[in-house]
Amino acid sequence: MTTLAEYLKERRDQEWRAELRKKLKGKERTNIPRVKMPEVDPNERVKFQNVEVNLGLSIEQAQREASRCMDCVNPTCIEGCPVQINIPEFVKNIERGEYGQAASNLKLTSALPAVCGRVCPQEKQCEEQCFYTLKLKKEPVAIGYLERFAADWERESGSVSVPECATKNGIKVAAIGSGPSSLSFAGDMIKLGYDVTVFEALHEIGGVLKYGIPEFRLPNATVDEELENLKQMGVKFETNFIVGRTASFDDLEKEGYKGFFVGSGAGLPRFMNIPGENYNGILSSNEYLTRVNLMGAADDKFDTPVLRGKNVAVIGGGNTAMDSVRTAKRLGAERSIIVYRRSRVEMPARVEEVKHAEEEGIEFMNLANPVEYFADENGRVNRMRVQYMELGEPDASGRRRPVPIEGSEKDIDVDLVIVAVGVSPNPLIPACLPDLKVSRWGTIEVGDNMQSSIPVIFAGGDIVRGGATVILAMGDGRNAAQSMHEYLSK
Amino acid sequence: MNRIVEKEFFSENVVKLVVEAPKIAKARKPGNFIILRVSKEGERIPLTIASADEDKGTITLIAQKVGVSTEKLAKMEVGDSLHDLVGPLGKATEIHKVGTILACGGGVGVAPLLPIVEGYKKAGNRVISVLAARSKDLIILEDEIRKWSDEVIVMTDDGSYGKKGLVTQGAEEIINREKIDECIAIGPAIMMKFTALLTKKYNIPTQASLNSIMVDGTGMCGACRVTVGGKTKFTCVDGPEFDAHQIDFDEMLMRLGGYSEEEKKAYEEFMNRLNLQA
Ligand SMILES: Cc1cc2nc3c(=O)[nH]c(=O)nc-3n(C[C@H](O)[C@H](O)[C@H](O)COP(=O)(O)OP(=O)(O)OC[C@H]3O[C@@H](n4cnc5c(N)ncnc54)[C@H](O)[C@@H]3O)c2cc1C
Ligand SMILES: Cc1cc2nc3c(=O)[nH]c(=O)nc-3n(C[C@H](O)[C@H](O)[C@H](O)COP(=O)(O)OP(=O)(O)OC[C@H]3O[C@@H](n4cnc5c(N)ncnc54)[C@H](O)[C@@H]3O)c2cc1C
Ligand code: SF4
Ligand code: SF4
Ligand code: FES
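Not measured: the values here are computed from a predicted model.

> Account for the site of ligand 2, naming residues and giving values.
All names here are of chain B. Near ligand 2, the surroundings consist of 23 residues, among which Pro46, Ile62, Gln64, Thr70 and Leu256 are the closest. The contact in question runs from an oxygen atom of ligand 2 to an N or O atom on the backbone of Gln64, over 2.7 Å. Leu256 has a polar backbone atom sitting 2.7 Å from an oxygen atom of ligand 2. Relative to its unbound accessible surface of 840 Å², ligand 2 loses 87% to contact with the protein. Listing elements by their share of the shell around ligand 2, those giving two or more residues are strand S4 (45-53), strand S5 (58-64) and helix H2 (68-74). With four residues, S4 is the largest single contributor of residues to the shell around ligand 2.

In structure tokens form, the structure reads like this:
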């Protein structure tokens, strides 16, 4: 067994990389300014729900950005990536013009690079640990943009390589849910020769990637193309199938399934339980985004309705809140406001989304929290009472705890409120498996190998972590595939 | 694919569809529902499983035309397939032997009532059913309900069939006549509200099955939330049946109107388009 460090060194010592390093002096590299992502003009893009904001880098931009990377002896960026993508290797492949190679490098560890390049919170992961950030106090190499570039280039070139699969071993395994954790599990298991079926409760594959994250950030077509890849490798998909209801685990075991991966996500919306919260026009971000993204409600061709508001308030400061508030703007809101109980710096949303939101004219009401809603005679919300907060001592999350300021209440006019204050684990699977160990918060308990208290059941993604990220979910799926393979090979 | 194998109109606005769904036919229990989409552009609409035939692998749905989606559904023909069908959803009715059951069904609410009446009868209860509708042609499934009831009373608002009057009048008559151990009410929210008020007066434990607005039906969106006993519940996963005396029916009625403007507009546009085509 080689260690990761040894492997990385071996890769770094390849002749082409050594050559490439000599092409430019360190100073020449560090003097190049970080690339700016070409974007659709804010005034234009707010008119369309399905126009992607980021246009992607041109070949020239990508190569120039790639040449900023120092190909460090000790590539700290990799430590910031939850799945340890060999970042300098793929970046250097872009620099030398081997884009297909770069895409292959990514696919060694990430099942959906076109997705991660777009939605990873890079500023808190790989890019935060980049030499530029740590040592030079300069803007990091745009690893996320480059990742997206390589994945998109491969797809657009039409030469997507279908990874080789081992000879079929005929062993049936199931993935429950079709979010990123299950998809990466399925991708790895099919490569190992298993007969893989993914079961999904909804009518579309992709989990949050489809029903949650809007098209202006992650086009459904991009997700679908990555899914096509899995289908070609032989993964089977069953939509409209709720494991535990349409069929039980016992039923599936009788059908011959030998191993299960539960990636059922954290889909349950939380509300705040404050007076008036059940008035019409107050909905969870899940409902709002599902109507628009999964059900096509913004498009007249589709039957599902969506409420449009003039004054829309979105409660929360995460990606979900940002996606909702920008969706509201695109659906015609005059005012689209983020109401968040902490300050700007504590917002958990990706930095780029906050920047985009700002450019699109989203208002930010920080250090404020709703305490009550009021409605007209039809029960439609028309006013919201907010209370202002100040920051106190740090709490368990290390962020300063917001403390209400007595007597600071203020009313604002709203006709649509989206509540995006977090989600809880989906209780469906735990509810039908009494022997399955779950935590106090309802997440499934697993060991380091992602195995649950029931040996044939593995789990990962948000059902294990609570609300997390796409890349962490994918990492879990891969880890679980490896462990299940070992378990089933015994 | 979920093919329609049988179709029958009970009245101009109420249609019965028998649909292939072998797994659901096997897994379903009284009180469960499904969610379907007629087409790719369709809404996800919840409908109760009125009955199922495990051997044939079919389930029976009964839908009342009230808007675009149910209109489209009623236009589907034998041999057509539904675009999507998922289930069984919701908690099953907890059926045991309690003695005498009063089952009240209003309008198309009789459809979800049927499997419950059947279940209670099979569990050895005495079942008295009250079926109510605006007029004679809106009374559905009378024979099927009779099959599983010891007694059936029919009430119509206009007196065109059975007795003239509301469901509550029929129910109160029975309550005054003999001891009722439990009541179940399914129908329009307003009917359930008044039935609940009546049985509360007589201290009869009562269940109501709610038809909240839904999207996913799996607890993911919260569109279906209702207040029961002062707490917010999700109809699709915590229900659809709840203790009727604890339900905030006024809030429920208000929430049913949550999309009424959008629905009305969509319905008018849909009907206009149909008229243009005709
Ligand atoms: C609006 C929004 C924006 C986000 N933005 C970002 C971002 O920018 N970057 C980022 O990294 N992360 C983001 N996240 C978080 C990220 O999407 C999640 O962490 C990730 O999707 C979790 O993946 P998962 O595999 O656990 O499953 P999920 O994506 O949650 O999917 C679970 C799937 O399982 C299905 N399911 C559940 N129970 C069953 C059952 N019994 N049978 C069959 N199917 C079942 C569900 O229908 C669902 O489709 C965002 C989340 C949301 C909601
Ligand atoms: C658990 C459950 C079981 C049901 N069982 C049956 C049944 O067996 N037979 C039957 O005819 N109907 C049943 N319904 C109601 C049925 O789902 C609605 O009538 C249907 O969705 C209306 O769609 P539409 O587009 O035709 O009408 P719309 O134009 O959308 O709405 C017309 C009316 O229906 C109500 N409605 C709208 N959308 C929904 C929705 N998603 N869920 C519930 N009500 C809605 C609205 O309040 C409105 O008043 C059930 C509902 C639930 C929640
Ligand atoms: S997967 Fe995410 S964290 Fe890892 S390198 Fe790519 S963008 Fe960075
Ligand atoms: S730390 Fe930054 S500069 Fe160094 S290898 Fe990684 S991306 Fe390149
Ligand atoms: S229908 Fe979405 S939570 Fe019940």
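So that's the structure; there's more coming.
> Account for the packing of aromatic side chains, with residues named and values stated.
All names here are of chain A. Tallied over the entire structure, the rule returns ten aromatic pairs over all chains. Relative to Phe241, the ring of Phe199 lies with its centre 4.5 Å away and its plane at 45°, an arrangement referred to as tilted. You can see Phe199 sitting in strand S2 (residues 195-199) and its partner Phe241 sitting in the loop between strand S3 (236-238) and helix H15 (249-254), a full 42 residues away along the chain. Residue classification places Phe199 among the buried residues on the basis of a relative accessible area of 2%. For Phe241, a relative accessible area of 5% gives the class buried. Pairing Phe458 with Tyr487 gives two aromatic rings, centres 6.0 Å apart and planes at 65°, and the pair type is edge-to-face. Here the residue Phe458 occupies a position in strand S16 (residues 457-459), and Tyr487 occupies one in helix H21 (residues 470-489), the gap between them amounting to 29 residues.

> Which residues make up empty space enclosed by the protein, and what are the values?
Residue and element names in this part refer to chain A. Under the criterion given, the structure shown has six cavities of 30 Å³ or more. There is about 170 Å³ of room inside the largest cavity. Around the largest cavity, the lining comprises 15 residues; the ones closest to its centre are Lys107, Ala111, Lys191, Leu230 and Met233. Of all the secondary structure elements, the ones that give two or more residues to the lining of the largest cavity are helix H8 (99-109), helix H12 (180-191) and helix H14 (220-232). At four residues, the largest contribution of residues to the lining of the largest cavity is made by H12. Considered class by class, the residues forming the lining of the largest cavity number five nonpolar, five polar and five charged. Residues from two domains meet in the lining of the largest cavity; each of domain 1 (10-157) and domain 2 (172-267 + 425-488) gives at least three. By volume, the second largest cavity is sized at about 120 Å³. As for the second largest cavity, its lining consists of 17 residues, and the residues nearest its centre are Cys69, Cys72, Cys77, Cys130 and Val141. When contributions to the lining of the second largest cavity are tallied by element, the ones reaching two or more residues are helix H7 (87-95) and helix H10 (131-136). Tallying contributions element by element places H7 first for the lining of the second largest cavity, with three residues. Partitioned by chemical class, the residues of the lining of the second largest cavity number 13 nonpolar, three polar and one charged.

Parameters and conventions
- Residues numbered from 1 in each chain as written.
- Chains lettered and ligands numbered in written order.
- Predicted model: local features only at pLDDT ≥ 70, side-chain atom pairs only at ≥ 80, totals over all residues.
- Heavy atoms only, no water.
- Near = heavy atom within 4 Å.
- Polar contact = N/O pair within 3.5 Å; in protein donor to acceptor, adjacent residues only side chain to side chain.
- Areas by Shrake-Rupley, 256 points an atom, 1.4 Å probe, with all protein chains shown as cover.
- Helix = DSSP H or I, 4+ residues; strand = E, 2+ residues; numbered from the N terminus.
- Phe/Tyr/Trp six-rings, centres within 6.5 Å; stacked < 30°, edge-to-face > 60°.
- Buried < 20%, exposed > 50% of the residue type's maximum accessible area, 1.4 Å probe, protein only.
- 1 Å grid on protein atoms, 1.4 Å probe; cavity = no way out; pocket = protein on both sides within 12 Å on 5 of 7 lines; lining within 4 Å.
- Points joined across faces, edges and corners; volume = space filled by probe spheres on them.
- Nonpolar A, V, L, I, M, F, W, Y, C, P; charged D, E, K, R; others polar.
- Domains from an automatic or database assignment.

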